[in-house]
Amino acid sequence: MSVRLTRGPFAYGDFGRRGRLDVVVGDARQGRVHVYLERRDGGHAPAGQYLVDSPSSIVAADLDGDGFLDLAIASEPAGSVTVLNGLGDGRFRFLARYPVERAHHVNAVINARGGVDLVVGSPENPVVLSGNGDGTFNRLHQTRSAHKKQDTSLTARERQVAHLAALGYRAGEIAARLTIGIRTVETHLERVRGKLGVRSKADLVRVAALRVAVSVLSTDDRQSLDT
């Protein structure tokens, strides 16, 4: 029997570790997320449902490094992100819930340590939940007063430098790729840190990575980086 999937936020992945394309679908009206496992005939069979208040966005990623896909579910009405720990057989268990205002979208990015951070919210005002490697997260604090007192928009060159920094390039490599001086790169990085309200290089990489993830870079910036 075929299952008609409900409309709503969804994420694909091999949640049952059977080499098949399973799907998780959110239902805001019911306040649940439904798991469907792909059958051999290409259809999907229900495998479970979990209470999550008004899911608005879902991302699947291995958040704790155990090789199983987990779920991060954003809920804009509830102002929260819920993390469900995947058990590797299509089932999940509740792990944690984090308060985040305007949590209408969630994405996952690889951080400088090789783990996974969660990016929540809009490109203009994103929130980073910094992964601890075990499926739990800490909110990356940013200086709100600094954002209010200065222009937080990045120039095209600053976005290029931040993009390459997020990809793991060092200052010398960025300078060579963009054909500018190393000192110029360091100046751009310092300005980016000031505009984004972060202090350390590691925090800059996380914030720059999340801005790449939510497509802050313009098409022209991407084209210039690809050449």
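Our subject is the structure listed above.
Now for a quick tour of the structure. (Residues numbered from 1 in each chain as written. Predicted model: local features only at pLDDT ≥ 70, side-chain atom pairs only at ≥ 80, totals over all residues. Heavy atoms only, no water.)

### Describing the pairing of strand β10 (residues 116–121)
Then step 1. Counting buried residues in β10 gives six out of six residues, a clear majority hidden from the surface.
Then step 2. Two strands pair when backbone bridges link them, and strand β9 (residues 106–110) and β10 are joined in this way by five bridges, in the antiparallel orientation. Counterpart to I110 in the pairing with β10 is V116.
Then step 3. Pairing of β10 with strand β11 (residues 126–131), which is carried by four bridges, proceeds in the antiparallel orientation. (Buried < 20%, exposed > 50% of the residue type's maximum accessible area, 1.4 Å probe, protein only. Helix = DSSP H or I, 4+ residues; strand = E, 2+ residues; numbered from the N terminus. Pairing = 2+ DSSP bridges.)

### Describing the nonpolar core
One recurring pattern in soluble globular proteins is that nonpolar side chains are buried together.
Then step 1. Counting 18 residues, the largest nonpolar core has L63, V81, L118 and L129 as its most contacted members.
Then step 2. No other element matches β10, which puts three residues into this core.
Then step 3. In terms of nonpolar packing, the next biggest core, distinct from the first, is built from 13 residues, A11, V33, V52 and I58 among them. (Core = buried A, V, L, I, M, F, W, Y, C linked by side-chain atoms within 4.5 Å.)

### Focus: the pattern of salt bridges
As a working rule, side chains carrying opposite charge can pair if their charged atoms are close by.
Then step 1. Overall, the coordinates contain four salt bridges when judged by the stated rule.
Then step 2. Between R39 and D41 there is a salt bridge, with the nearest N and O atoms lying 3.0 Å from each other.
Then step 3. One salt bridge connects R102 with E101, and the closest N-O pair in it is separated by 3.9 Å. E101 carries the same exposure label as R102, and that label is exposed. (Salt bridge = Lys/Arg side-chain N within 4 Å of Asp/Glu carboxyl O.)

### Let's talk about the environment of V106
Then step 1. Its location among the elements puts V106 in strand β9.
Then step 2. Each C-alpha atom, one on V106 and one on L118, is 6.7 Å from the other, the two residues being twelve residues apart in sequence.
Then step 3. Ignoring any residue separated from it by four or fewer positions in sequence, one finds V106 in contact with S57, I58, V59, A72, A74, L118, V119 and V120. (Contact = heavy atoms within 4.5 Å.)

Note that every value here comes from positions in space, so none of it alone points to a role or purpose.
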